[in-house]
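Working through the structure, step by step
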Amino acid sequence: MTKALEGVRVLDMTHVQSGPSATQLLAWLGADVVKLEAPTGDITRKQLRDVPDVDSLYFTMLNSNKRSITLNTKSDRGKEILTELIRRSDVMVENFGPGAVDRMGFTWDRIQEINPRIIYASIKGFGEGPYTNFKAYEVVAQAMGGSMATTGFEDGPPTATGAQIGDSGTGIHTVAGILAALFQRENTGRGQRVNVAMQHAVLNLCRVKLRDQQRLAHGPLAEYPNEDFGDEVPRSGNASGGGQPGWAVKCAPGGPNDYVYVIVQPVGWKPLAELIGRPEMAEDPEWSTPEARLPKLGKMFQLIEEWSSTLPKWEVLDRLNAHNIPCGPILSTKEIIEDESLVANDMVVEVEHPGRGSYTTVGNPLKLSDSPTTISGSPLLGEHNTAIYADELGLDPAELAQLAEQGVI
C-alpha cells in the first residue's frame, strides 16, 4: 500500500522542536525526509540525556522515520553539495535564526534558480516588525501569542501550558502550509515560500480569547467564574470559557491528578442534581436554568465536588457517563504512557534504537485509511551519508573519505 506523501523528498534543515515536529509528521505521512545536520549533529541529540552517550529522548521522539546526513554548509564543497540536494528535493524546511540561510548564500531567489518547483518552508519566532530578531523559545511564543495571559488562576501569575503549542503547534501549522503548497504546485508547476511564525501559530490557537476580548466591550463574561472584569480577558482557572460551563472537580483519594473535568449542559443538570444527592435543585428556579446557574458557577461546582471528592475518579467517570454527562478524567503522564487504548490506537508506540534499545514514543495522530503509518526509530548521526552521497549523488568512496577527513561531512 502506498503512503500519502510517497515520492516527496523533504530536505530537513531543522533542529530542536518546531521544525523537527513538522518534518516528522511529513515522514509519518510517507515523505522521504533527509535530515541535514552539521557534523556535530542536532543539539538535542545531547540535551536532557537519560542514557550516557546515546541520542536523547528529546531527539529520538522528534525525528522518527527520517534519514540523517551530515554536511558543513559553510564550506565551499558543502555549498555545492547543498545545491545538488536542493535540486533533488520537493520541499526544504528550516528554522534557523532570521537571515541565516540567506547568509549561507541561499536566498529565496537563489533557491528558485536551483529548483523552481521547490516548496521552501521557514519557521521563525515572529513576523516582520519590532519582534523579528527576538530569540524565540516555546514559552516566549506562548507569552507573546496570548496563551500565558489567559492561562492560570485569577489570583496567580501568568502560566505556561504543558502542551508545546509554540513549538509543535507551529510545526503542525507548517505542515498545513507545505501540503497546501504541494497541492497548488500540481496546478501551477511552481514552488513557493511558506512562512510560519511561532507567535502567529499560538495566536491562532488562542483565537477564542480574542473573541472574548471583543465581547468584554459589552460587559462581563457571564460564563467565566471571575467576579471582577477589567478591560482585558482574565485568567479563569479551569473554566471552559465556552458555551457550556466546565470545571475540574476533586476526587478521592485526593492525589495531584485525582480530578474529573465536568461540563454542565442544560440537559445534564437534572441527572447531575440527582447524582450529587440534591434532586430538588433540578426544579428550583434558583438553579434550574442555565441563566440562573451562571452567576453561581463557583457554588455549583463546589456542590458537585462535595460529591465527587468521596469517590475515585474512575467511579465518578462511570457514574457521569451513565447519564451522558460530558466529562473526562485528568490523566497523568504515567497513566497516559500505560493506557492500553492509546497503545491499541498506535498513539503510544514502542520502537527500537540501536543505541538505547526499545523506547516509547508518540504515534501519528493523523489516521489515513489508505496510508497507514509505521513508526521507526530516529537515525544515528550521518547514518545515511553513504546511501545519499554515494548512491544518489554519485560521489566516489575516495571523495567521501576526503570530505570526512576535511570535516565537510
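Residues numbered from 1 in each chain as written. Predicted model: local features only at pLDDT ≥ 70, side-chain atom pairs only at ≥ 80, totals over all residues. Heavy atoms only, no water.

Another aspect to go through is the sheet that holds strand E9 (residues 327–329). Reading across the sheet, the three strands line up as E7-E8-E9 and stay open at both edges, with antiparallel pairing between neighbours. Every other strand in the sheet has two partners, leaving strand E7 (246–250) and E9 as the edge strands with one partner each. Taken pair by pair, the neighbouring strands of this sheet meet at an average axis angle of 20 degrees, ignoring direction. Of the strand pairs in this sheet, E7 and strand E8 (residues 259–263) are connected by five bridges, and their pairing is antiparallel. Paired with Trp247 across the two strands is Val262, which belongs to E8. (Pairing = 2+ DSSP bridges. Helix = DSSP H or I, 4+ residues; strand = E, 2+ residues; numbered from the N terminus. Axes fitted to C-alpha atoms, helices over the stretch in contact; angles between N-to-C directions.)

Bringing the side chain of Lys313 into the picture now. Residue position: Lys313 is located in helix H13 (residues 313–321). Owing to a relative accessible area of 4%, Lys313 belongs among the buried residues under this scheme. Not counting residues within four places of it along the chain, the set of residues in contact with Lys313 comprises Cys251, Ala252, Asn257, Asp258, Tyr259, Val260, Pro329, Ile330 and Glu335. (Buried < 20%, exposed > 50% of the residue type's maximum accessible area, 1.4 Å probe, protein only. Contact = heavy atoms within 4.5 Å.)

Below, the discussion takes up the pattern of salt bridges. Evaluation of the coordinates by the stated rule reveals 23 salt bridges. Here Lys66 and Asp12 are joined by a salt bridge, their closest N and O atoms 3.2 Å apart. Here Lys66 is found in the loop between helix H2 (57–60) and strand E3 (67–70), whereas its partner Asp12 is found in strand E1 (residues 9–13), with 54 residues between them in sequence. Residue Lys66 shares its accessibility class with Asp12, and that shared class is buried. Across the salt bridge formed by Lys124 and Glu94, the nearest N and O atoms sit 2.8 Å from each other. Of this pair, Lys124 sits in strand E5 (residues 119–124) while Glu94 sits in strand E4 (residues 91–94), and the two are 30 residues apart along the sequence. For the pair formed by Lys124 and Glu94, the shared burial category is buried. Each of Arg9, Asp32, Arg67 and Glu392 takes part in a single network of salt bridges with overlapping partners. (Salt bridge = Lys/Arg side-chain N within 4 Å of Asp/Glu carboxyl O.)

A few words now on a nonpolar patch on the surface. Nonpolar side chains collect at one region of the surface, where Trp314, Leu331 and Ile336 lie side by side and expose about 250 Å² of accessible area between them. Relative to the elements of secondary structure, Ile336 occurs in helix H14 (residues 333–337). (Patch = residues over 30% accessible without salt bridge, like charges linked within 9 Å, V, L, I, M, F, W, Y side chains within 5 Å. Areas by Shrake-Rupley, 256 points an atom, 1.4 Å probe, with all protein chains shown as cover.)

Moving on, we get to the sheet that holds E5. Across the sheet, which stays open at both edges, the six strands sit in the order E3-E2-E1-E4-E5-E6 with parallel pairing between neighbours. Bordering the open sheet on either side are E3 and strand E6 (193–197), each of which pairs with just one other strand. Looking at each pair of strands side by side, their axes are set apart by 20 degrees on average, direction ignored. As paired strands, E1 and E4 are joined by four bridges and run parallel to one another. From the neighbouring strand, Leu11 faces E4, where its bridge partner is Met92. In the packing of helix H1 (residues 18–28) onto the sheet, contacts are made with E1, strand E2 (32–37), E4 and E5, and the angle to E2 comes to roughly 155 degrees.

Where H1 contacts helix H7 (residues 168–188), the two axes come as close as 7 Å, and the packing angle between them is 50 degrees. Comparing their axes, H7 and H1 come out oblique. Crossing geometry of H1 relative to H7 is assigned as right-handed. In contact with Ser18, Ser21, Ala22, Leu25 and Leu26 of H1, H7 contributes Ser168, Gly171, Thr174, Val175, Ile178 and Leu179. Its residues assigned to classes, the contact of H1 with H7 comprises six nonpolar, five polar and no charged. (Parallel < 35°, antiparallel > 145°, perpendicular 65-115°, else oblique. Left-handed = near helix turned anticlockwise from the far one by under 90°. Nonpolar A, V, L, I, M, F, W, Y, C, P; charged D, E, K, R; others polar.)

Below, the discussion takes up helix H16 (residues 385–392). Among the residues of H16, those classed as buried are Asn385, Ile388, Tyr389 and Ala390. Across the axial projection of H16, the buried residues extend over an arc of 165 degrees, all falling on one side. Along its buried surface, H16 packs onto E2, E3, helix H3 (76–87) and helix H17 (397–406). Downstream of H16 by a residue or two, Gly394 has a phi angle that is positive, lying close to 85 degrees. (Arc of directions from axis to C-beta.)

Here we come to H1. Across the eleven residues of H1, eleven count as buried, placing the element largely inside the fold. Among the residues making up H1, those that are buried are Ser18, Gly19, Pro20, Ser21, Ala22, Thr23, Gln24, Leu25, Leu26, Ala27 and Trp28. Immediately beyond the C-terminal end of H1, within one or two residues, lies Gly30, with a positive phi of roughly 110 degrees.

As for its position among the elements, Arg67 is in strand E3. Within polar-contact distance, the side chain of Arg67 engages the side chain of Asp32 at 2.8 Å. Apart from the residues within four sequence positions on either side, Arg67 is in contact with Arg9, Asp32, Val33, Val34, Lys35, Pro379, His384, Ala387, Ile388 and Glu392. (Polar contact = N/O pair within 3.5 Å; in protein donor to acceptor, adjacent residues only side chain to side chain.)

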